[in-house]
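# Coordinates in review
These are the residues of each chain, in order.
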Amino acid sequence: MKRTRIVFAGGFLGAGKTTLLWEAARRLINKGVRTGLITNDQAPGLVDTALLQRQGLKVAEVCGSCFCCNFGGLTDAIGSIGAEVEADVIIAEPVGSCTDLSATILQPLKQYMSRELAVAPFSALADPERLESVLRGDTAGLHADAAYIFRKQLEESDIIVVAKSDTLDAGALASLLERTREAFPASTVMAVSAVSGHGVDEWTDLVLKRTDAGRRIVQVDYDVYAHGEAVLGWLNATVQLKGKAADWDAFTRDFLSQLAQRFDGKKYAVGHVKAILEHEDRYIVGNLTGRAHTLSLRNSAGTGDTARLTVNARVETSPETLDALVRETLADATRDRCESTPLAWRCLQPGRPNPTHRFTQVVGA
């Protein structure tokens, strides 16, 4: 019986998971490896899913709760995407604010689906700026309980991937890798840049060959964990835009810049804000992973009369405040430029994690 290898690439919000997943999947497909992807979120309408589908990739979405709290949804997605593409490899991206994945996902899969699945080592991606802060004993600009989740992700990982390595010079990167290895000696530590391609093949080779998945289970205080998620307001919104020869790139830049400035002005820590604006066969993607200087944009949607904007925001404020801020910013950005019609709009606060399974011991390969 064929066994599909499943690779979980986790890490805190804004770590660059989706970019790495797309680049790794693209390279695997080019080598003839049948590859599928699974995304995950507390609500539907994911920028990640829209972006990955734009690349022609087969994507299943588990929404409404995290993998660990909807284990049945995860296994259903594994079955559907596996059958659809006859997958050799499935790469899954857990919610960025989830931890305790070894106990709640890897061990149950090893226990109950060992005939169908070969579970790869768990990778936790880390943004260099946030990682630097955590290694110093700070909170990376986050609430202390949100930073707790980030640290637990690193502690339980089989592989720590220092993402966005192209943003550091060689000396700074070498120092960061060394200090990370000292802080987390049980994990393999490596650097990757999905932009330059550095380390991507090395990472895929590692997760496709190693069999030591979920080598340890860490102690997690679920009260702290729950509060670390609850300090974040979550917003998923999709909006239809209608203008006349509108410059959609300028609109996206202005909207996200204004949003970043409002968050900074209120001193609201940003987990991440993602946006994709789609116009016909073109699109532009924006990412905000902290203060306004972290805003990045890529690709181009060009000009036109209609577009579709999808926004995912995870910000340390109440859902009501986040909702009002995004609506206000959208109204300002569209004024005298285009009309906006909400197609879907959901703002929420994550509930307490309630895993379907939680193993206390490591399951053998």
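Preceding this paragraph is the structure being described.
Bear in mind the structure is a predicted one, so any value in this text is a computation, not a measurement.

With that settled, the discussion passes to the sheet that holds strand β14 (residues 338-348). The 6 strands lie next to each other as β12-β11-β10-β13-β9-β14, forming an open sheet whose pairing is antiparallel. Sheet topology places β12 (296-300) and β14 at the edges, where each strand pairs with a single neighbour. Direction aside, the axes of adjacent strands within the sheet are offset by 10 degrees on average. Where strand β10 (residues 270-279) meets strand β11 (residues 282-288), 7 bridges bridge the pair, whose relative direction is antiparallel. Paired with H279 across the two strands is R282, which belongs to β11.

As a further point, take helix α1 (residues 17-30). Helix length check: α1 (14 residues) gives 20 Å between terminal C-alpha atoms against 20 Å at 1.5 Å per residue, within 8%. Within the sequence span of α1, burial applies to K17, T18, L20, L21, E23, A24, A25, R27 and L28. Two residues or fewer after α1 comes G32, characterised by a positive phi angle close to 85 degrees.

Turning next to the side chain of S97. By the element assignment, S97 lies in the loop between β4 (89-92) and α4 (101-112). Within the local environment of S97, its side chain forms a polar contact with the side chain of E229, the two groups lying 2.6 Å apart. With residues near it in sequence (within four places) discarded, S97 still touches F12, L13, I149, Q153, Y225, E229 and W234.

Right, let's talk about the side chain of T104 for a bit. Tracing the backbone through its elements, the reader meets T104 in helix α4. Overall, the relative accessible area of 0% leaves T104 in the buried class. A distance of 2.8 Å separates a polar atom in the side chain of T104 from the backbone oxygen of D100.

A few words on the pairing of β11. Taken across its 7 residues, β11 has 6 buried, putting it largely inside the fold. Connecting β10 to the antiparallel partner β11 that follows it, the hairpin turn spans 2 residues, and E280 within it adopts a positive phi of roughly 55 degrees. Bridging between β11 and β12 involves 5 bridges; their strand directions are antiparallel. Each bridged residue has a counterpart across the sheet, and for G286 the counterpart in β12 is L297.

Glancing now at helix α8 (residues 200-209). Listed in full, the buried residues belonging to α8 are V200, W203, T204 and V207. Angularly, the buried residues of α8 cover 95 degrees about the axis, an arc narrow enough to put them on a single face. Of the surrounding elements, those touching the buried residues of α8 are β1 (4-11), α1, β6 (123-126), β7 (159-162) and β8 (188-191).

Basis of the calculations
- Residues numbered from 1 in each chain as written.
- Predicted model: local features only at pLDDT ≥ 70, side-chain atom pairs only at ≥ 80, totals over all residues.
- Heavy atoms only, no water.
- Pairing = 2+ DSSP bridges.
- Helix = DSSP H or I, 4+ residues; strand = E, 2+ residues; numbered from the N terminus.
- Axes fitted to C-alpha atoms, helices over the stretch in contact; angles between N-to-C directions.
- Expected span 1.5 Å × (residues − 1).
- Buried < 20%, exposed > 50% of the residue type's maximum accessible area, 1.4 Å probe, protein only.
- Polar contact = N/O pair within 3.5 Å; in protein donor to acceptor, adjacent residues only side chain to side chain.
- Contact = heavy atoms within 4.5 Å.
- Arc of directions from axis to C-beta.

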